[in-house]
Amino acid sequence: MTWPLTLATDSPDATRDVAARLASLCTSGDVVLLIGDLGAGKTVFAQGFAAALGVAGPVTSPTFALVRQYACGPDSPAETLIHADVYRTGSVSEVADLALAEMVEDEAIALVEWGDVAAPALGDDALEITLRVPAHAASTDERTICISGRGTWSGRAGEVAKVLESMSGRVAP
Ligand code: ADP
Ligand code: MG
């Protein structure tokens, strides 16, 4: 099994389900980059991911705050979920100023919207999630989710495919 893995979802809840399954593989120190245009579903993904980590309360777009921190539930492998949205930062050095890499070392998992902008400031290990509205989508609720792993995640495609196996979306070969 090799990266990227591609699947399709047909509702926000299906995207949340994918996120929850991926969260089950993450542990303290992990960085998940969320890539995709406005409205692609990055925040929806973050909601499913946070719920799986036992975060109580609503997860909304941190666009104006840039970074929000949520306490994870007692059974979670991390203490804190960091949810960042770097859309409004102008440069990689501004992202570096947010010190996300340092924050994540401290018992946290980081989810970063517009992660492609932030990637150079976040080190080599990351799970990359790209969300897209397919060009010829039959419905407005269709999204493709492309998953890729770098660094410590590069050898984990099989594991990721396995947790996604039983979901309603399709995993492309
Ligand atoms: P982003 O954070 O990428 O800008 P949001 O997650 O805030 O995007 O918004 C995605 C929008 O698309 C939401 O209104 C959501 O209800 C809608 N949507 C429709 N279908 C899907 C799907 N399959 N997955 C995720 N979001 C979807
Ligand atoms: Mg968002």
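Residues numbered from 1 in each chain as written. Chains lettered and ligands numbered in written order. Predicted model: local features only at pLDDT ≥ 70, side-chain atom pairs only at ≥ 80, totals over all residues. Heavy atoms only, no water.

### Things to note about the confidence of the model for the chain
Predicted coordinates in areas of low pLDDT are best not read in detail.
Okay, so step 1: Of all residues in the chain, 96% have pLDDT values of 70 or greater, and the mean over the chain is 91.
Okay, so step 2: Of all the helices and strands in the chain, helix H3 (residues 92–97) carries the lowest mean pLDDT, 84, while helix H2 (residues 42–52) carries the highest, 98. (pLDDT = per-residue confidence, 0-100. Helix = DSSP H or I, 4+ residues; strand = E, 2+ residues; numbered from the N terminus.)

### Concerning the site of ligand 1
Okay, so step 1: Of all residues adjacent to ligand 1, which total 15 residues, the nearest are Thr15, Gly39, Lys42, Asp141 and Arg143.
Okay, so step 2: Take Ser11: an N or O atom from its main chain is 3.1 Å from a nitrogen atom of ligand 1.
Okay, so step 3: Contact between ligand 1 and Thr43: an oxygen atom at 2.9 Å from a side-chain N or O atom of the residue.
Okay, so step 4: Isolated, ligand 1 exposes 580 Å² of accessible area, and the fraction of that covered by the protein chains is 76%.
Okay, so step 5: Listing elements by their share of the shell around ligand 1, those giving two or more residues are helix H1 (12–23) and H2.
Okay, so step 6: For the shell around ligand 1, the per-class residue count stands at 4 nonpolar, 6 polar and 5 charged. (Near = heavy atom within 4 Å. Polar contact = N/O pair within 3.5 Å; in protein donor to acceptor, adjacent residues only side chain to side chain. Areas by Shrake-Rupley, 256 points an atom, 1.4 Å probe, with all protein chains shown as cover. Nonpolar A, V, L, I, M, F, W, Y, C, P; charged D, E, K, R; others polar.)

### Re the coordination of the magnesium ion (ligand 2)
Okay, so step 1: At this site the magnesium ion (ligand 2) is bound by Thr43 (OG1) and Glu113 (OE), with donor distances of 2.2 Å. Remark: Glu113 occurs in strand E5 (residues 108–113) and Thr43 occurs in helix H2; sequence separation between them is 70 residues. One exposure class covers both Thr43 and Glu113, and it is buried. (Donors = N, O, S within 2.8 Å, 3.2 Å for Na, K, Ca; no water. Buried < 20%, exposed > 50% of the residue type's maximum accessible area, 1.4 Å probe, protein only.)

### Overview of the environment of Ala8
Okay, so step 1: Take Ala8: it is sitting in strand E1 (residues 5–9).
Okay, so step 2: The spacing of Ala8 and Arg143 is 135 residues in sequence and 5.6 Å in space, taken between C-alpha atoms.

### Some details on the pairing of strand E2 (residues 31–35)
Okay, so step 1: Burial of E2 is extensive: 5 of the 5 residues sit out of reach of the surface.
Okay, so step 2: Sheet analysis places E2 next to E5, joined by 4 bridges and oriented parallel. Within E5, the position partnered with Leu33 by the bridge is Val112.
Okay, so step 3: In terms of strand pairing, E2 meets strand E6 (residues 126–132) through 4 bridges, oriented parallel. The residue bridging Val32 from the neighbouring strand is Leu127, located in E6. (Pairing = 2+ DSSP bridges.)

### Digging into the environment of Thr140
Okay, so step 1: As for its placement among the helices and strands, Thr140 is situated in the loop between E6 and strand E7 (143–150).
Okay, so step 2: Sequence separation between Thr140 and Glu79 is 61 residues; the distance between their C-alpha atoms is 36 Å.

### Points about H2
Okay, so step 1: Those residues of H2 lying buried are Lys42, Thr43, Phe45, Ala46, Gly48, Phe49 and Ala50.
Okay, so step 2: Buried residues belonging to H2 abut H1, E2, strand E4 (80–85), E5 and E6.
Okay, so step 3: Just downstream of H2, Gly54 is the residue with a positive phi angle, here 80°. (Contact = heavy atoms within 4.5 Å.)

### Section: the side chain of Thr43
Okay, so step 1: Of the residues examined, Thr43 reaches a relative accessible area of 16% and is grouped as buried.
Okay, so step 2: Of the polar contacts made by the side chain of Thr43, one reaches the side chain of Glu113; its length is 2.7 Å.
Okay, so step 3: With residues near it in sequence (within four places) discarded, Thr43 still touches Val59, Thr60, Ser61 and Glu113.

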